Each structure stands twice: as C-alpha cells, then as structure tokens.
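Observations on the three-dimensional arrangement
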Amino acid sequence: MKLLHSTALVAGLALVGLGPGPAAASLGGARATVEADRAALRGERNVSTATGYEVHEIATPGGGRVREYLTADGRVFAVSWKGPTIPDLRQLLGSYYERFAQATSVPHPGRRRELRIEQPGLVVQSAGRMRNFYGRAWDPQLLPQNFSPASIF
C-alpha cells in the first residue's frame, strides 16, 4: 500500500465523513445509488455515455461537481469530485469508506495537500486547498475493459 498525505488534508477528509447515520453506497454500488447521491448533494444530474460506460455528473448548489462512472451493467466503478468543498466521502465511497478511513488514520510523511492511497481494490487521489478541492477514487477490479483511469476527472 502506498500512502502520501499531509496532516491537515487527512484531518479535513476524516471530518467530512462524520455525518450521522449510514450512507448509501456509491463506489461499487448499483445505478440506484447515483440518485441517492444526487438527493444527498441536492444537485442536478446530467448523464453522458461513452463506449462501455456512462458518466453521471451531479452539479451541487455550492458550485461543486461530482461524477460517477458506471459500467454497462450499471455498477459504479469510479467517482470524482471538484469544488469549493470536499463532498461527503462516506456517501461517495460507500462500503469502501472504512478502508479509506483506516488508510488515512496512519501517519506517514508525504507531500502537502495531497493524498494518495493505492491498495488492491481501491485507489484514492485527492488534493487541493481552501475553496479548490478535487479528487477521484476507483476500484481497479471494476474498471471496464480498455478503460484508463486517466479518463476519471
């Protein structure tokens, strides 16, 4: 496992997921979880298609953007975010959140304002500064054939 982070970013990311109650699973979840995320973010959804996958983009009232990437059979294989705040990662990462939280709880030296987790079955990259955060997460085992993680933005 590789992990780079700064204490401030990890603390901020950890606090994002401390909301009440269980969240709907997104990463690894079914198509219906995208609507649950849209409702939780109080955003508007736009769908685009590509060969072998769909991208559901949710625009939030505060100017953020969340994209959820779905396989042809409707499973979320990746998520990305960009905006003035970090969205609820417990909501977006779903059942992957506990692995994410565990990986970020161990202090490791790293670069400022950047988080990178690489594990079998979970990759998370996040960075930013006040009012400009961005990141992405995916399960390499769920990626459609011939899909490059570089397409997750």
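Quick note: structure is the one above.
Structural notes on the overall build of the protein chain
- From N to C terminus, the protein chain includes 4 helices and 8 strands.
- By residue count, 47% of the 153 residues in the protein chain fall in the buried class.
- Of the roughly 8,000 Å² that the protein chain leaves accessible, carbon and sulfur atoms contribute 54%.

Side note on the packing of aromatic side chains
- Under the counting rule described, the total for this entry stands at 7 aromatic pairs.
- On the numbers, 4.9 Å between centres and 85 degrees between planes, the contact of Tyr53 with Phe147 is edge-to-face. On the criterion of sequence distance, the pair formed by Tyr53 in strand β3 (residues 53-59) and Phe147 in the segment after β8 (132-138) is long-range, its members being 94 residues apart.
- Under the relative-accessibility criterion, Tyr53 is labelled buried at 17%.
- For the ring pair Tyr97 and Phe100, a centre distance of 5.8 Å and an interplane angle of 50 degrees mean the geometry is tilted. Note that Tyr97 and Phe100 are positioned in helix α4 (residues 97-104) at a spacing of 3 residues, about one turn of the helix. With respect to burial, Tyr97 and Phe100 carry one shared label: buried.
- Connected via pairs of aromatic rings, a cluster forms that spans Tyr53, Tyr69, Phe77 and Phe147.

Some remarks on unusual backbone geometry
- Non-glycine residue Arg131 carries a positive phi angle of around 70 degrees.
- One can find Arg131 in the loop between β7 (122-129) and β8.
- Of note in the backbone geometry, Asn146 takes a positive phi value of approximately 65 degrees without being a glycine.
- Within the element layout of this structure, Asn146 appears in the segment after β8.
- What makes Asn146 exposed here is its relative accessible area of 79%.

About the criteria used
- Just so you know, the residues in each chain are numbered from 1, in the order the chain's sequence is written.
- In keeping with the model being predicted, local features are shown solely for residues with a pLDDT of at least 70 and side-chain atom pairs are shown and tallied solely at 80 or more, while totals for entire chains, interfaces and linings include all residues.
- Excluding hydrogens and water, the side-chain figures rest on all heavy atoms present in the structure.
- We count a stretch as a helix when DSSP gives it H or I for four or more residues in a row; a strand needs E for two or more, and each element gets its number in order from the N terminus.
- For each residue, the accessible area found with a 1.4 Å probe, counting protein chains only, is set against the maximum for its type, and the residue is called buried under 20%, exposed over 50%, and partly exposed in between.
- Note on areas: these come from Shrake-Rupley sampling with a 1.4 Å probe, and a residue is covered only by the protein chains present in the view.
- Two rings from Phe, Tyr or Trp (for Trp, the six-membered ring) form a pair when their centres sit within 6.5 Å of each other. Planes less than 30 degrees apart are called stacked, planes more than 60 degrees apart edge-to-face, and all others tilted.

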